[in-house]
Amino acid sequence: MDFMMQVAASFGLLLNPTVLFYVVAGFLVGTLFSAIPGLTATLALALLLPLTYSLDVTTALMACASIYMAGMCGGSITATTINIPGAPSSMMTALEGYPMQQRGEGPLALGHAAFASMIGGVFGAVLLVVLAPLIADLSLLVQTTGKCALILFALIVIVIAQRGNVRRAAISACLGLMLATVGLDAMMPIARFSFGMGELAAGIDLMPVIIGTFAISELLTQLAGNAEARRIRERLKGVARIRRRDFIPPYSAIRRIGAACYLKSSLIGYLVGTLPGAGGSMGGFLAYVETVRTSREPDSFGKGNPQGIAAAESANNAVCGGALVPMLTFGIPGDPITAIVLGVLVINGIQPGPQLMESQAGLIAPMLASLIFSALILIPLTMYLLGPYFIRIVRIRRDVLFGTIAMLAVVGSYVATYSTFQMMMTLLLGVLAFYLRQYGYPVVTLLLGFILGPGLEEYLRRTLTLSNGDPSVFLTEPDSLFFVLLTLVFIYFLVIRKPVQLKSGESPG
Amino acid sequence: MSCRAPYFLRRALRSGAAWFHGVLALLSLGYLAGSIAMGPPVAGGKLTPSFFPLLVGVLAVLLCTLQWWAALRAGPPSSSAASAQRSESRRRWPPELLLMLATLVYVLSFQTLGYGLSTLAYVLVVMLFFSGLEKWPIKAVIALAITALGFLIFNEIFNIRLPTLWG
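Engineer: What is the right way to read the overall build of chain B from this model?
Structural biologist: Across its full length, chain B carries 6 helices and 2 strands. N-terminal to C-terminal, the α/β element order of chain B is α-α-β-β-α-α-α-α. Relative to its 167 residues, chain B shows a buried fraction of 39%. Summed over its atoms, the accessible surface of chain B is roughly 9600 Å², and 72% of this surface lies on carbon and sulfur atoms.

Structure follows, in structure tokens:
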């Protein structure tokens, strides 16, 4: 209850013009980045990360929350108008939004998407506020062996969630773990893989890994696919002008969709969000499939049914609240965005983990308030005020956009230590990530391997030292046994049992 | 006596993916060798700093070798994809490679030339890569504006001291 009061009181921070500026600016940047096909809110957050060195940590976390929320709904703009989701989370929205656009109801589809995003976002954030302190209390029961099993569970689930690409995902995770072992050993003062270089002895900073894997590699990938992006830009020129009043969905249409659809989809999104590696695309996909399955008119889906948009969008925005649960309660990020939020905490000397909700409630509460504010106020307001200009904004000149991104990424990596060594590391990791992506390796597992690696090593060594090298301790300790069994359950459902099949040409991302 | 490479190696040379997987396998092997050089994983009943890297190294070598082997077995890409790849390789300097080089030059000159000059040149080069040489004077003006915006954000708003040409 105390925590809920703290969150409620944190809304007062939004009256501070500076804080409000960063929250609104973050939301707009997140919307822009998620609306442009190929760019993501993760990239927007990666570019913001260097600025958090100088920004007040509360404000930085609030801005991160608004970017996260915007990232989940902005993708619906191009998903609806040109059938190309701006973000993977809006993939299912394209299935219903584009047919609506073709029959002249594009703005209405966007209005439905915004309304559902608002419901899902608020639902997920409120559930997070209510449940996170309880889960944090439970997480205190997890001991060293259990923590090791938990991190292994997270890593394994993130890898096997990359369906059809598991071996590459595992290699990518191994690369992340390898990078994490560079530098001084956590338990003995021995430098590893530093090759006599002082900078490497201190270890590889999180900043070059994030900026390299998400900004530099994106820059190179976008340049490699420049011709295709130009064609998308040309298609956007053909989209008819949108009027503001066309966005507002009529009450009758909302009633037809039904409160049950919004709430059930939001709950699915929230639960999916708590799983490592699942993300908004999986949440949207499962909610959409469930809505089609339980619908009285399943044949109307795929032809412009607003219920499909409502299911997908409320689920992907509810993912935001769910995804923050493992990060805030266990210090384990499940996707790149929560990994970057974790990076903001680490940069500011805050140790994420079970104690975080108790010791740093003053920092976490404003972030959750910003999450609710973004969903409840900024999503509908942005759609209503900026909706008619979205297409023009998304058509921003690519050379200007990527010139700015390149500058922010490279100079941003200099900010951490005022050394060009960090810039060089950023470039090296960016080139590695670019080639990994070119050959089908998911870079998200690299990032999460890098972040989870130090914890995994520390707990594994402690566990085996305490048990005199006996690995059976993982099966005899109840907390670790729980996570081992949970891992097996996930392996069964995601690897052994045939996953849900999509129609041809569709993919959950 | 002709010295022909084995069939699977000739296939590998025709596939860029196999090259990349092979490089990753070599990288993992180098990492594993480095871990072994660190000493035994257990000493005096305690786990040493080489324990975890050894574990990760073995796993990485195993997975990378499997991936490489799978790429070798799959062989080179289909004829249409192969012709696309050939035309790609005919472009001796793909734009992404040039951008990597431009970024390297930028990083190396950042301290020497200072933020202003190096960033202006880098942003202009990035813009030209994305939209070609036409109307370059206008692009130079935009690059100048982006550089000024970066200075405003980093130096003025966030008080981050950026290097200058004269120290």
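Moving on from the coordinates now.
Engineer: Is there a simple way to explain the overall build of chain A in this structure?
Structural biologist: Helix and strand counts for chain A come out as 25 helices and 2 strands. Against the 2.2 N^0.38 benchmark of 23 Å for 509 residues, chain A shows a C-alpha radius of gyration of 22 Å, consistent with a compact globule. The C-alpha extent of chain A, read off along each of the three principal axes, is 70 × 50 × 50 Å. Within chain A, the proportion of its 509 residues that are buried is 62%.

Engineer: I'm lost on the side chain of Thr-181 of chain A in this one. Help?
Structural biologist: As for its position among the elements, Thr-181 of chain A is in the loop between helix H9 (166–180) and strand E1 (183–184). The exposure class assigned to Thr-181 of chain A is buried, which follows from its relative accessible area of 1%.

Engineer: Mind showing me how you'd approach helix H6 (residues 91–102) of chain A here?
Structural biologist: Helical geometry note: an α-helix holds 3.6 residues per turn, so side chains three or four residues apart project in the same direction. All names here are of chain A. Taking 1.5 Å per residue, 12 residues should reach 16 Å; H6 reaches 17 Å between its end C-alpha atoms and fits that length. With 10 of its 12 residues buried, H6 lies for the most part within the structure. Burial in H6 covers these residues: Met-91, Met-92, Thr-93, Ala-94, Glu-96, Gly-97, Tyr-98, Pro-99, Met-100 and Gln-101. Looking one or two residues past H6, Gly-104 carries a phi angle of roughly 85°, positive in sign.

Engineer: Is there a simple way to think about the interface of chain A and chain B in this case?
Structural biologist: Note on interface size: it is often stated as the accessible area lost on association of the parts. At the junction of the two partners, chain A supplies 58 residues and chain B supplies 62 residues. With both sides pooled, the region where chain A packs onto chain B buries about 5400 Å², and carbon together with sulfur makes up 81% of that total. Inspection of the region where chain A meets chain B yields 0 salt bridges. Applying the counting criterion to the chain A and chain B interface returns 5 residue pairs in polar contact (both at pLDDT 80 or more). Among the elements that take part in the side of chain A that touches chain B, helix H21 (residues 398–415) of chain A stands out by supplying 14 residues, more than any other.

Engineer: Hey, could you run me through the side chain of Ser-139 of chain A in this one?
Structural biologist: All names here are of chain A. Residue position: Ser-139 is located in helix H7 (residues 106–139). Judged by its relative accessible area of 1%, Ser-139 is buried. Of the polar contacts made by the side chain of Ser-139, one reaches the backbone oxygen of Thr-329; its length is 3.2 Å. Setting aside residues no more than four positions away along its own chain, Ser-139 makes contact with Thr-329, Phe-330 and Pro-354.

Engineer: How should the packing of aromatic side chains be read in this particular structure?
Structural biologist: One pair of aromatic rings is described through two measures. These are the centre distance and the angle between the planes. Throughout the structure, instances matching the rule amount to 20 aromatic pairs over all chains. Arranged with centres 5.2 Å apart and planes meeting at 80°, the rings of Tyr-492 of chain A and Phe-493 of chain A form a pair that is edge-to-face. Under the relative-accessibility criterion, Tyr-492 of chain A is labelled partly exposed at 39%. A ring pair is formed by Tyr-106 of chain B and Phe-110 of chain B, whose centres lie 5.6 Å apart and whose planes are at 85°; its orientation type is edge-to-face. Here the residue Tyr-106 of chain B and the residue Phe-110 of chain B both occupy positions in helix H5 (residues 95–131), the gap between them amounting to 4 residues, near one helical turn. Of the residues examined, Tyr-106 of chain B reaches a relative accessible area of 2% and is grouped as buried. Phe-110 of chain B sits in the buried class, given a relative accessible area of 0%. Members of the aromatic cluster, each reached through a chain of ring pairs, are Tyr-414 and Tyr-418 of chain A together with Tyr-106, Phe-110, Tyr-115, Tyr-122 and Phe-151 of chain B. One residue, Arg-168 of chain A, lies across the ring of Tyr-441 of chain A, its end atom 5.7 Å from the ring centre.

Definitions and limits used
Residues numbered from 1 in each chain as written. Chains lettered and ligands numbered in written order. Predicted model: local features only at pLDDT ≥ 70, side-chain atom pairs only at ≥ 80, totals over all residues. Heavy atoms only, no water. Helix = DSSP H or I, 4+ residues; strand = E, 2+ residues; numbered from the N terminus. Buried < 20%, exposed > 50% of the residue type's maximum accessible area, 1.4 Å probe, protein only. Areas by Shrake-Rupley, 256 points an atom, 1.4 Å probe, with all protein chains shown as cover. Rg over C-alpha atoms; globule rule 2.2 N^0.38 Å. Expected span 1.5 Å × (residues − 1). Contact = heavy atoms within 4.5 Å. Buried area = accessible area lost by both parts, 1.4 Å probe. Salt bridge = Lys/Arg side-chain N within 4 Å of Asp/Glu carboxyl O. Polar contact = N/O pair within 3.5 Å; in protein donor to acceptor, adjacent residues only side chain to side chain. Phe/Tyr/Trp six-rings, centres within 6.5 Å; stacked < 30°, edge-to-face > 60°. Lys NZ or Arg CZ within 6 Å of the ring centre and 35° of its normal.

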